[in-house]
Each structure stands twice: as structure tokens, then as C-alpha cells.
Amino acid sequence: MKKHAEILAIVRNKLYLCIRVMFVSHSAECSNNAGAEGNAAENNGNGGRNMILTLANPIYDSVFKFLMEDERVARTVLTALLKKEVVSVEMRRHEHPNVTRNEISMFRIDFAAHVREEDGSVKLILIELQKTWLDTETLRFRQYLAAQYNAEENIVKEEGKRSHALPMVAVYLLGHRVGSVEEPVVYVNHVARNYDGEEVKEGMNDPFIGSLVHDSIIVQLPLLRGKINNRLYRVLSVFDQQNRDRGDRHYVKLDERNYEGDQDMMYLLHRLTQATVDAELREEMKEEDLYFSEIEERDTLIMQANKNLAEKDCQLKEKDSQLAEKDSQLKEKDSQLEEKDSQLAAKDDQLAVKEAQLLSMAKAMQQSGMRLETIATAMQLPLEEVTKLLEM
């Protein structure tokens, strides 16, 4: 029964959003009618309460690809990220798959976009959009960027002018945090400066400069935490895993009130609603779950092995510390023994000096004609010692 209820809720959401999207695309009058019909459907189905939408979770690669393949959705997402109007956008098609996923689940889509600048001019740029749910090596991101720099299709050749590469913006949607950075979205822009550290603005739009450097946008999805306080966060809210359905992580639940009056977002939500009833996408999400479970199992084994190695390293360090302490104690004892040997040697030297003095005195007395008994009494030594002394 629960499963049937979930299916009915998904179908109701889909029909409701279809009505909304069809009408918001026409005149203002039609938009108002769509709102009235939506409210009526909402009231009839939910007792007058605002509808909570059940959508496919775009954190899944299959859903993300389905979402971003739509040109209007891609413009909506990229416009919010770039903070510039994306006039038109096209997913790049070439001999290599434009969407890739490797053993650590890095997902990549390349776009060619015409972007309107502040002065009203329109510029063609390349957007490298990379999404990963797992902590990823920076080197792998660099490899993808290097491939884009080297791709022949990204080189602009104009007659009578030197060739140059398309300006590029790299966008990273990360399912993990980057160090201790607390900002959900970070813009890394290159700035040219002269020797004195002053910013250089004149002539910076020369293709030569744009071909050598690129800007980056880093999105840390775990730090979104339900924030919808600007246009970008409203768009990114569909990726916020705090909105994930507690019973089925294939879906996210969003409050439609947060998107009222935003035709582009209603269209995006409609696209994700379409994904919920796509049997092929649901199957691909299950395959991704299996894929991730294998990765998690592998990572768990690696973490356990690393933990065991760390414990053994700790034990070895403790033993090394104990051995070092014993070595220190032995060195201290050796030092004490050397000191005693030194003291004994000094005493031996003193005794040798005394014996030499006594011998000299005894011989002097003997040569003066004194008897041995008299010498022994004078030197306060036993007669036997005096005898031995004179025999030396």
C-alpha cells in the first residue's frame, strides 16, 4: 500500500507540474489560470496545504545527465552559477564521451555557452562541469582540464588572426567538503597585477591571456544545509541532500512555495518530476547504488587496513620509544661506569705516586745506613712492606 501511495504521489506531482509549466510559458493571464488550477489541485489533494514535491535526486549521475541535457535547464543552472546571463548553451559532442565516470565516480559534462557580459557583448566560453560524490584526487581534475586545453575543438581559428583557445570556466559540484572552507560556494578568479601589486585591467580581454588561465567555481553541496536566500542557492537546493527522502534516497522532497513565480525553476522541477517516472533512469539509479555500495565496501576495507597499519605503526613507535629509553639508560650506565673507571684510574695514579715517594724515602734512609726496623718505624709501615718496597 505504501508503494502504491508513493506512485500515486509521484504521478500527481507530475500532472500538477505539467499544468503549471504549460501555463507559465504563455501569457500572464494563462499563468494566473495555471496558478488557480494548481491551487485547486493542491487544495483537493492536500486539504488546502502546500504541496511537497517528490523529485528524482539529481545527485545521481543518470538523473544529473538527464537534467542537464535540457537546454533551458542548463541555461538556468549555469546562469545562476556564473552570475551572468547564459544566452545559449550546447552540450559538447565529440569523438570522446562528453559524459564520463571512472572508478571514483567523477561525472563530467562540457558545455559551449554564449554569455552576455556587463557591457552587453556576447562571448563564447567553454564550461567544464564536474560532479563527484566522493572525495577525489585533485590530480584527476587537473587531467580533465589538461585534456580540454589540448582539445582541437576548443581552439578558435579566425582568418587573418592568430589561433587561441576558448576562455574556460571550471565548475566543481562536490559531494564532500574541501578542507576547512566554510563557504558553500567559492569563486576562484584570476586577477592580473603588475610588479607593484596593482591590478591590471587594460587589455586583459586579449585572447592570449584568456587562453592561458581559467576561473573556477567550487560548490560544496554538504554546506548548503537548506539555504535558499538567493538565486544560486534556490537553484542548488535541488542538489541539497538534506532534502533527500528519508525512505528512498532516489528522491528529494521540496516545498513548492520556495519556487513560486520562478518559471525557470518550475520548469527545472518539472524535468526532475519527469525523471521519477522514467523506468530506465530508476534502473540506472539502482545500478549506481550497487556501484556506490561496492565503492563504500572497498573504502571500508581500505580504511580498516589503514587503521590496522596505523595501530601497528603506533605499536612499533611505542616499542621504538621503549628501546630508545633502554638505550638511554644503558648509555647513562656506561657513562657512570666510565666515570668510575676514570676515578679508579686517578686513584691508581695517586697510589703510584705515593709508592714512588715511599720508595724514594726508604732508599734514601737505607743509603744513609739506617736499619730496616728504624726505616719501618720512621715511615710507620710494617717491616714486611718496607722490605718489599726496597726489593722493587
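Think of each chain on its own: its residues are numbered from 1, step by step along the sequence as written. For a predicted model such as this one, the threshold for reporting local features is a pLDDT of at least 70, and the threshold for listing and counting side-chain atom pairs is 80 or more; totals across whole chains, interfaces and linings nevertheless cover every residue. Hydrogen atoms and water are omitted, and side-chain values are computed over all heavy atoms in the structure.

Caption draft 1: Examining unusual backbone geometry more closely. Backbone geometry at lysine 83 places phi at a positive 60 degrees, although glycine is not the residue there. Starting at the N terminus, helices and strands are each numbered in turn, a helix being any DSSP run of H or I of at least four residues and a strand any DSSP run of E of at least two. Within the secondary structure, lysine 83 is located in the loop between helix H4 (71-82) and strand S2 (86-91). Note on exposure labels: buried denotes an accessible area under 20% of the residue type's maximum, exposed denotes more than 50%, and partly exposed covers the range between, all computed with a 1.4 Å probe on protein chains only. Judged by its relative accessible area of 63%, lysine 83 is exposed. Despite not being glycine, arginine 225 shows a phi value in the positive range, around 50 degrees. Looking at the element boundaries, arginine 225 is found in the loop between strand S9 (215-220) and helix H7 (231-236).

Caption draft 2: Local environment of the packing of helix H10 (residues 372-379) against helix H11 (residues 383-391). One way to put it is that H10 packs onto H11 with a least axis distance of 9 Å and a crossing angle of 105 degrees. As judged from the angle between their axes, H10 and H11 are roughly perpendicular. From H10, Leu372, Glu373, Ile375, Ala376 and Met379 reach across to H11, where they touch Leu383, Val386, Thr387, Leu389 and Leu390. For this classification, Asp, Glu, Lys and Arg are treated as charged, while Ala, Val, Leu, Ile, Met, Phe, Trp, Tyr, Cys and Pro are nonpolar and the rest, including Gly, are polar. Here the contact of H10 with H11 is built from residues that sort into eight nonpolar, one polar and one charged. Orientation is described by axes fitted as lines to C-alpha atoms, over the contacting stretch for helices, and by angles from 0 to 180 degrees between their N-to-C directions. Should an angle fall under 35 degrees it is taken as roughly parallel, and over 145 as roughly antiparallel, whereas 65 to 115 is taken as roughly perpendicular and any remaining angle as oblique. We call two residues contacting when some pair of their heavy atoms lies within 4.5 Å.

Caption draft 3: A look at the packing of aromatic side chains. Classification of ring pairs uses Phe, Tyr and Trp, with its six-membered ring standing for Trp, and accepts pairs whose centres are within 6.5 Å; under 30 degrees between planes counts as stacked, over 60 as edge-to-face, and the remaining range as tilted. Under the defined criterion, the tally for this structure stands at one aromatic pair. Here, over-ring charges are defined by two tests on the NZ atom of lysine or the CZ atom of arginine: distance to the ring centre within 6 Å, and angle to the ring normal within 35 degrees. When the ring centre of phenylalanine 64 is taken as reference, the NZ or CZ atom of lysine 131 above it lies at 5.7 Å. Above the face of the phenylalanine 66 ring, arginine 271 is positioned so that its terminal group lies 3.8 Å from the ring centre.

Caption draft 4: Representation of the nonpolar core. Side-chain atoms within 4.5 Å are what join buried Ala, Val, Leu, Ile, Met, Phe, Trp, Tyr and Cys residues into a set we call a nonpolar core. Counting 54 residues, the largest nonpolar core has Leu81, Phe111, Leu236, Leu268 and Leu269 as its most contacted members. In terms of residues, this core owes the most to one element, H4, which gives seven residues. Not counting chain neighbours up to four residues away, the residues in contact with leucine 236 comprise Leu81, Leu173, Val185, Val219 and Leu224. Counting nine residues, the second-largest nonpolar core is a separate cluster that includes Leu359, Ala362, Met379 and Val386.

Caption draft 5: Local environment of the pattern of salt bridges. Whenever Lys or Arg places a side-chain nitrogen within 4 Å of a carboxyl oxygen from Asp or Glu, that contact is recorded as a salt bridge. Going through the model one piece at a time under the given rule, you end up with 15 salt bridges. Arginine 271 is the salt-bridge partner of aspartate 70, the closest N and O atoms lying 4.0 Å from each other. Placement of the pair is aspartate 70 in the loop between helix H3 (61-68) and H4 and arginine 271 in helix H8 (residues 263-276), with a sequence separation of 201 residues. Taken individually, aspartate 70 and arginine 271 each receive the classification buried, so the pair is uniform in this respect. A salt bridge links arginine 75 to glutamate 71; the shortest N-O distance between them is 3.1 Å. With arginine 75 and glutamate 71 both in helix H4, this residue pair falls four residues apart, about one helical turn. The exposure class of glutamate 71 is partly exposed, given its relative accessible area of 34%.

Caption draft 6: Geometry of the packing of H4 against H8. Between H4 and H8, the least distance of the axes is 10 Å, while the angle of their chain directions is 125 degrees. As judged from the angle between their axes, H4 and H8 are oblique. Seen from above, H4 lies across H8 with left-handed handedness. From H4, Arg72, Val73, Thr76 and Val77 reach across to H8, where they touch Gln263, Asp264, Tyr267, Leu268 and Arg271. Throughout, a crossing is termed right-handed when the near helix is turned clockwise from the far one, and left-handed when it is turned anticlockwise from it by less than a right angle.

Caption draft 7: Representation of the side chain of aspartate 262 in the model. Mapped onto the fold, aspartate 262 is located in the loop between strand S10 (251-255) and H8. Taking relative accessible area as the criterion, aspartate 262 reaches 12% and is therefore assigned buried. Identification of polar contacts relies on pairs of N or O atoms within 3.5 Å, with a donor-acceptor requirement for protein atoms, meaning one able to donate a hydrogen and the other able to accept it, and with residues adjacent in sequence counted only if both atoms are side-chain atoms. Polar contacts involving the side chain of aspartate 262 include one to the main-chain amide nitrogen of aspartate 264, which spans 3.3 Å. If we skip the residues at most four places from it in the chain, aspartate 262 touches Arg231 and Arg234.

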